[in-house]
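Geometric and topological summary
Listed below, chain by chain, are the residues.
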Amino acid sequence: MELKTTPFTDIHIELGAKMASFAGYNMPIQYEGINPEHMNVIDNVGVFDVSHMGAVMVSGPKALEFLQAITSNDVSKLEVGKAQYTYMPNGKGGIVDDFIMYLLEGGRYMCAVNAANIEKDFNWMKQHQYEGVILENDSERVSILAVQGPKAKATIQKCVDVNLDDIAYYHYTLGKFAGLDCIISNTGYTGAGGFELYFKDLKNARLVWDTLFEAGKEFGIKPTGLGARDTLRLEMGFCLYGNDIDDTTNPLEAGLGWITKFVEGKEKMTDRDLLLKTKEEGIKNRLVGFELKEKGIPRHEYEIVDADGNIIGRVTSGAPAPSLDSKGIGLGYVKSEYKDPGSEIFIRIRKKDIPAEVIKLPFRK
């Protein structure tokens with residue numbers, strides 16, 4: 001099957017990026033290397049093409065009522081100019097997807113969903129759709145650049161017609177970037193600060209790219225691949241769908257209780273009773289962060305054991321941490337009695353149990 005492209009794909013190839021298939025798209029995994037790209041985002045500014053992400057639009061007179069029922073967070077708290085992190089429960093105690101939702105002008109909601117879940121999410125919404133709810137899959141028409149790092153704001157400010165200091169965290173505004181209409185969102189997946197730029201029906205990707213990189217030249221701007229995006233999010237302890245959360249994951253075990261609202265107006269929320277029961281009976285497993293005390297790399301699905309070798313959980317994400325001298329770090333589910341920072345656990349790597357310590361997230365302070 002032929003891979004999909006983004007408006008920036010030709011630019012990545014020209015720059016010599018290592019390309020690979022990701023969620024059906026031909027995406028840049030790295031340019032000069034994951035570690036230098038990772039550190040440049042922490043110190044300066046890096047640019048990620050995340051145009052493979054999805055954009056599902058929800059509108060109509062019953063849009064709010066519909067979203068209150070199919071998502072976990074309290075959608076009534078959203079207002080134009082704000083963004084909200086949320087997830088869709090799957091009716092079986094698991095998660096369809098996690099995403100950021102925006103309320104746009106005219107009562108239209110934009111759900112910025114994970115690339116691998118676009119079709120799945122849209123079908124799930126259609127299954128629950130009723131009169132008064134309009135659904136549109138705009139994913140193919142929306143392009144997104146994530147500009148991240150401590151110098152991202154100074155870089156973007158040279159390209160836009162709005163004051164970025166006026167956009168608080170998890171807020172957005174509409175503006176012009178290089179003269180093109182753009183949603184400028186103070187969000188990101190790196191923990192290094194920055195903005196995400198949403199363009200619709202982008203015809204001149206090279207203008208956008210060149211304008212951005214000219215503006216960021218004095219700040220050490222670099223193109224950055226999805227490899228560094230993964231290590232950056234892992235150092236912050238951010239969940240990745242398909243690794244740390246999925247259709248089988250209890251969201252309360254995943255630490256998503258803070259976006260699971262049992263408030264007035266959400267009486268029809270999917271899995272409400274099941275999640276309330278989990279809360280009342282006590283959470284049996286917890287997603288934790290851990291650091292290895294010896295050399296090694298924890299990988300997805302490696303077993304987590306106690307001092308006696310009994311299996312107490314599994315690794316969901318792991319990698320050498322570039323900003324921690326390549327120390328092995330990871331996320332994983334363990335029995336609740338091992339959830340507290342300082343708890344001793346062991347990661348089974350090639351039949352050897354490597355000692356590790358549960359730590360308070362994030363890894364990168």
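Residues numbered from 1 in each chain as written. Predicted model: local features only at pLDDT ≥ 70, side-chain atom pairs only at ≥ 80, totals over all residues. Heavy atoms only, no water.

So, the pattern of salt bridges
Heads up, the rule is: Here a salt bridge means any side-chain nitrogen of Lys or Arg lying within 4 Å of a carboxyl oxygen belonging to Asp or Glu. Only DSSP runs of H or I with at least four residues qualify as helices, and only runs of E with at least two residues qualify as strands; both kinds are numbered from the N terminus onward. Only protein chains enter the accessibility calculation, which uses a 1.4 Å probe; a residue whose area is less than 20% of its type maximum is buried, one above 50% is exposed, and one in between is partly exposed.
Overall, the coordinates contain 20 salt bridges when judged by the stated rule. Residues Lys158 and Glu218 are paired through a salt bridge, measuring 2.7 Å at the closest nitrogen-oxygen approach. Here Lys158 is found in the loop between helix H5 (152–157) and strand S10 (172–177), whereas its partner Glu218 is found in the loop between helix H6 (205–215) and strand S13 (221–223), with 60 residues between them in sequence. One salt bridge in this structure joins Asp353 and Arg348, with 2.8 Å as the shortest N-O distance. In this structure Arg348 comes out as partly exposed when scored by relative accessible area, which is 24%. Each of the salt bridges in this network shares a partner with another, and the network as a whole consists of Asp138, Arg141, Lys200 and Asp201.

As for the pairing of strand S2 (residues 25–30)
Applied cut-off: Pairing between strands is defined by DSSP: at least two bridges between them are needed.
The pairing of strand S1 (residues 18–22) with S2 spans five bridges and is antiparallel. Looking across to S2, one finds that Lys18 is bridged to Gln30. In sequence, S1 turns back onto S2 through a hairpin of two residues, with Ala23 there showing a positive phi of about 55°.

Things to note about the sheet that holds strand S18 (residues 344–349)
Inclusion rule: Interaxial angles span 0 to 180 degrees and are taken between N-to-C directions of axes, which are lines fitted to C-alpha atoms, for helices over the stretch in contact. By definition, residues are in contact when any of their heavy atoms lie within 4.5 Å.
Within the closed barrel, the six strands sit side by side as S14-S17-S16-S15-S18-S19. Their pairing is antiparallel. Neighbour-to-neighbour, the strand axes of this sheet turn through a mean angle of 45°, independent of strand direction. Direction of pairing for strand S14 (residues 285–292) relative to strand S17 (residues 327–335): antiparallel, over a ladder of seven bridges. Counted as the bridge partner of Val288 is Gly332 from S17. Contacts between helix H7 (residues 226–236) and the sheet are confined to strand S16 (311–321) and S17, with S16 contributing the most and set at about 125° to the helix.

A few points about the packing of helix H2 (residues 34–43) against H7
Any two packed helices are characterised by the angle at which their axes cross and by the distance between the axes. Rules: Angles below 35 degrees are treated as roughly parallel, those above 145 as roughly antiparallel, those between 65 and 115 as roughly perpendicular, and all remaining angles as oblique. Should the near helix be turned anticlockwise from the far one by less than a right angle, the crossing is termed left-handed; should it be turned clockwise, right-handed. Under the scheme applied here, ten amino acids are nonpolar (Ala, Val, Leu, Ile, Met, Phe, Trp, Tyr, Cys and Pro), four are charged (Asp, Glu, Lys and Arg), and all others, including Gly, are polar.
Running from N to C, H2 and H7 cross one another at 55°; their axes reach a closest spacing of 8 Å. When the axes of H2 and H7 are compared, the pair comes out oblique. Viewed along their axes, H2 and H7 form a crossing whose handedness is right-handed. The segment H2 lies against H7, with Ile34, Glu37, His38, Val41 and Ile42 engaging Gly227, Ala228, Thr231, Leu232 and Glu235. Partitioned by chemical class, the residues of the contact of H2 with H7 number five nonpolar, three polar and two charged.

Interpretation in functional terms is not warranted from these geometric data alone.
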